[in-house]
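Geometric and topological summary
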Amino acid sequence: MATCPIDGTKIGIFSKVIELKDGKICSDCGKKVGLVYGSFFEAHHASEFTISQISELINSGQRINISDQHVSTVQTPSYLEDDVQLFVEIGIPEHVFLSVTNNAVVIDRKGIRSFANRGKTGTQKIPFQSITSIEFKRGGISHGQITFHTLGGDDKTAGFGNQGLWANGVYNNNNSIIFDASHNDKIQQIKDLVEPKIGLNTQPSQSVSPADELRKFKSLLDDGIITQEEFDTKKKQILGI
């Protein structure tokens, strides 16, 4: 069994580890310097540090400062150039970062499980103006899910998610995210934050009147893309009723 090169802690298959530039350390050592396992900072910056650097920080009783020159030179993911209003990382059953920026929902899929189920990994940006509705189910005994339905319809996957019994489920929709009960409250917050912005064009250079917005959603209703209930909800939001 492998061990942490800093404190000798045994590292098994299911152990929580921090992936550094030149190897892995246990989550306890990472926590001592501010690399908290599963956090946004750990996910995007841990790989910029070496084992010896982390060891030196621990021995000197110091923690990583995100404003340090070493960290500030790390390339920030392009979707974080927008203001991130809410963010959550999901590790199981798929590794996913779900963010809400000032104009879109961003889904960033990582790892082997995401690739196997979806046929790809990487960042997917869904502008508020293309979202028509949100489907949400809290996790419990079974996994929860959130799906962002869009004007173009469901974005089908290319992995195992589009085969067999999975073909009619959430694994065959790239706009769907699956999570366990520990993320219920954070996903609920994301839903509540995004819903009032559904269908809105947040680009400052463009202005759409309430009448135009209503016509757009009435057209979607007539075409059967959204339901009467969804149309009534958007009508109240647009008119401020």
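If you're wondering where the values come from, they're calculated on a predicted model, not measured in any experiment. (Residues numbered from 1 in each chain as written. Predicted model: local features only at pLDDT ≥ 70, side-chain atom pairs only at ≥ 80, totals over all residues. Heavy atoms only, no water.)

Quick look at the sheet that holds strand β8 (residues 122–127)
Taken together, the four strands give an open sheet; going across it, the order is β5-β6-β7-β8, and neighbouring strands pair in antiparallel fashion. Whereas interior strands pair on both sides, the edge strands pair on one side only; in this sheet they are β5 (86–90) and β8. Strand-to-strand, the axes of this sheet are offset by a mean angle of 15°, without reference to chain direction. Inspection of the sheet shows strand β6 (residues 95–100) paired to strand β7 (residues 104–110) by six bridges, in the antiparallel sense. Within β7, the position partnered with L98 by the bridge is I107. Helix-sheet contacts for helix α6 (residues 184–194) involve β5, β6 and β7, and the interaxial angle to β5 is about 140°. (Pairing = 2+ DSSP bridges. Helix = DSSP H or I, 4+ residues; strand = E, 2+ residues; numbered from the N terminus. Axes fitted to C-alpha atoms, helices over the stretch in contact; angles between N-to-C directions. Contact = heavy atoms within 4.5 Å.)

Details of the side chain of N184
Mapped onto the fold, N184 is located in helix α6. A distance of 2.6 Å separates the side chain of N184 from the backbone nitrogen of G139, its partner in a polar contact. Excluding anything up to four places from it in sequence, N184 contacts F136, R138, G139 and F179. (Polar contact = N/O pair within 3.5 Å; in protein donor to acceptor, adjacent residues only side chain to side chain.)

Here's the deal with the pattern of salt bridges
Per the stated rule, a full pass over the model turns up five salt bridges. Note that E195 and K191 form a salt bridge whose closest N and O atoms lie 3.1 Å from each other. D222 is paired through a salt bridge with K218; the nearest N and O atoms lie 2.8 Å apart. A residue pair is termed a helical-turn pair when its members lie 3 or 4 positions apart in one helix, as D222 and K218 do in helix α7 (residues 210–222) at four residues. Residue class for K218 comes out partly exposed when judged on its relative accessible area of 37%. (Salt bridge = Lys/Arg side-chain N within 4 Å of Asp/Glu carboxyl O. Buried < 20%, exposed > 50% of the residue type's maximum accessible area, 1.4 Å probe, protein only.)

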